[in-house]
Amino acid sequence: MKKAIFLTILISLLSCNKTKKQNVAAASQTKTETPKNIILVIGDGMGLSQVSVGQFYSDQASNFDRFTTIGLIKTSSSSHLITDSAAGATAYSSGIKTYNKSIGMKPDSTAITNIVETISKQGMATGLVATSSITHATPAAFYAHTKTRYMYEDIATYLPKSGIDYFAGGGLKFFNKRKDGQNLLPTLLSNNFVIDTVSLPSTVSEKKHAILLAQNSMPKMQEGRGDFLEKASLLAIKKLSQTKEGYFLMVEASQIDWGGHDEDPDYLIAEQLDLDRTLGVLLDTLGDHSETLVIVTADHETGAFSLAMEGTDYNKIKPSTSSSEHSATMVPVFAKGPGAEIFGGIYENNEIYHKMMQLLANN
Ligand code: MG
Ligand code: ZN
């Protein structure tokens, strides 16, 4: 009797499993899974508590709620349990784990090809937007190769010939007020760039765009940066979608990390909400997502930030840091659009690169 019941359960479990598998196969056959364009959004220092800010500190619903696939990423670098932004960004731009402070260099300090170099040769358009200097670690890993992240002037020299078609951020002084006396603005012009240093242009041209709106980093949200991140990202889409082969755009909310380093929850929250709003505008603009995959993740968490309880009041949140440095916690990844399904699960940071390249190779 017992045996019979066991067998019945076993058979029903097996057949249930089979139906599920068939459903998955049917779903994947009917879906377009190859994006024409990829937008990779990096919230520097953005762990799960930072993402949760949108739930508690805004009148609007969090735009993270709109993503269809969620995963978790392990962020250790090749040299340290806790990564810095240079190694974290190199994992995303180039598919390898390397040492902290490396910009586009392997652990043996030789250069590794990045996604921009590969796909721009294939005719795709590429762009970068950051609220730091454009020579800061995260954007730098998408076009430069230097042994350490602090070689800002060296990093800038890579941009004019990098294959980048559009960039917007701060960092003007690393182009025109350099210790070596070089001026890279004429170099940008001779490489077919138009340059804006005062405000975002209202239109895009056939030429490449260099937009450098601050000497070093862009101002904090609290100091009046306004809607730079969303406007610069929308302009990037307008520019890059001129190219029929498709585009790759990296957008960085650079200063979530700096709010964590400063152990300043108000700073962090303002930067996080700026990213949340920007995601809303991006998702609205992309509409049905039939061509563009949007991936949102972080390089690491900063500040061991938490939404702790205020005293013993279950209705009061006290946003708190417990460190002024990065932490080892996994960071979330969100995806929406064609190919989004493959970003679910728990995996290493450099897999993001391989997943993106896998999708673009099927194009
Ligand atoms: Mg950064
Ligand atoms: Zn940091």
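Residues numbered from 1 in each chain as written. Chains lettered and ligands numbered in written order. Predicted model: local features only at pLDDT ≥ 70, side-chain atom pairs only at ≥ 80, totals over all residues. Heavy atoms only, no water.

Chemist: I keep staring at the coordination of the magnesium ion (ligand 1) and nothing clicks. Help me out?
Modeler: By definition of the ideal shapes, a tetrahedral metal site with four donors has angles of 109.5 degrees and an octahedral site with six donors has angles of 90 or 180 degrees. For the magnesium ion (ligand 1), the protein coordination sphere consists of Asp-44 (OD), Thr-138 (OG1) and Glu-252 (OE), at 2.0 to 2.2 Å. Between the donor residues of the magnesium ion (ligand 1), the gaps in sequence give the motif D-x93-T-x113-E. Taken together, the positions of Asp-44 in the loop between strand 1 (37-43) and helix 2 (48-56) and Glu-252 in strand 7 (residues 247-253) put the pair 208 residues apart, joining distant regions of the chain. Accessibility expressed as a relative area gives 1% for Glu-252, which makes it buried. (Donors = N, O, S within 2.8 Å, 3.2 Å for Na, K, Ca; no water. Helix = DSSP H or I, 4+ residues; strand = E, 2+ residues; numbered from the N terminus. Buried < 20%, exposed > 50% of the residue type's maximum accessible area, 1.4 Å probe, protein only.)

Chemist: When you look at the side chain of Thr-98 in this model, what are you seeing that I'm missing?
Modeler: Structurally, Thr-98 is set in the loop between helix 3 (85-94) and helix 4 (115-121). Classification of Thr-98 as buried rests on a relative accessible area of 0%. Polar side-chain contacts of Thr-98 include one of 2.7 Å to the backbone oxygen of Met-105. With sequence-adjacent residues up to four places away left out, Thr-98 is seen in contact with Ser-77, Ser-78, Ser-79, Ala-87, Thr-90, Met-105, Lys-106 and Pro-107. (Polar contact = N/O pair within 3.5 Å; in protein donor to acceptor, adjacent residues only side chain to side chain. Contact = heavy atoms within 4.5 Å.)

Chemist: Sorry if this is basic, but what is going on with the packing of helix 9 (residues 228-240) against helix 11 (residues 265-286) here?
Modeler: Two numbers describe a pair of packed helices, the interaxial angle and the distance between the axes. In contact at an axis separation of 9 Å, helix 9 and helix 11 are set at 30 degrees when each is read in the N-to-C sense. Relative to helix 11, the element helix 9 lies roughly parallel. At the point where helix 9 passes helix 11, the crossing takes the right-handed sense. On helix 11, the residues that touch Leu-229, Glu-230, Ser-233, Leu-234 and Ile-237 of helix 9 are Asp-274, Leu-275, Thr-278, Val-281, Leu-282, Thr-285 and Leu-286. (Axes fitted to C-alpha atoms, helices over the stretch in contact; angles between N-to-C directions. Parallel < 35°, antiparallel > 145°, perpendicular 65-115°, else oblique. Left-handed = near helix turned anticlockwise from the far one by under 90°.)

Chemist: Please clarify how the nonpolar core should be interpreted in this entry.
Modeler: If you look at soluble globular proteins, the nonpolar side chains tend to sit buried side by side. Formed by 91 residues in total, the largest nonpolar core has its most connected members in Leu-40, Ile-115, Phe-142, Phe-167, Phe-175, Phe-248 and Ile-352. Here this core gets 8 residues from one element, more than from any other, and that element is helix 11. When residues no more than four places from it in sequence are discounted, the contact partners of Leu-40 are Tyr-92, Phe-142, Phe-248, Leu-249, Met-250, Val-251, Ile-295, Thr-297, Ile-352 and Met-356. (Core = buried A, V, L, I, M, F, W, Y, C linked by side-chain atoms within 4.5 Å.)

Chemist: I keep staring at the packing of aromatic side chains and nothing clicks. Help me out?
Modeler: Here the distance between the centres and the angle between the planes together describe a pair of aromatic rings. Under the counting rule described, the total for this entry stands at 7 aromatic pairs. Aromatic side chains Tyr-150 and Tyr-152 sit 6.5 Å apart centroid to centroid with 90 degrees between the ring planes, which places their arrangement in the edge-to-face category. For Lys-220, the ring lying beneath its charged end belongs to Tyr-267, and the centroid distance is 4.3 Å. Over the face of the ring belonging to Tyr-347 we find Lys-355, whose NZ or CZ atom lies 4.5 Å from the ring centre. (Phe/Tyr/Trp six-rings, centres within 6.5 Å; stacked < 30°, edge-to-face > 60°. Lys NZ or Arg CZ within 6 Å of the ring centre and 35° of its normal.)

Chemist: What's the story with unusual backbone geometry in this structure? I'm lost.
Modeler: Glycine aside, residues mostly have negative phi, and peptide bonds are mostly found in the trans state. Phi is positive for Ser-109, close to 65 degrees, though the residue is something other than glycine. Mapped onto the elements, Ser-109 comes out in the loop between helix 3 and helix 4. Residue class for Ser-109 comes out partly exposed when judged on its relative accessible area of 25%. With a phi close to 45 degrees, Ala-304 is a non-glycine residue in the positive phi region.

Chemist: Just to check I follow, could you spell out the coordination of the zinc ion (ligand 2) for this structure?
Modeler: Around the zinc ion (ligand 2), the protein contributes the donor atoms Asp-257 (OD), Asp-257 (OD), His-261 (NE2) and His-326 (NE2), at 2.1 to 2.4 Å from the metal centre. For the zinc ion (ligand 2), the donor residues sit on a single chain with the sequence spacing D-x3-H-x64-H. Taken together, the residues span about one helical turn, with Asp-257 and His-261 both in helix 10 (residues 256-261) at a distance of 4 residues. What makes Asp-257 buried here is its relative accessible area of 4%. Take His-261: its relative accessible area is 25%, and that puts it in the partly exposed class.

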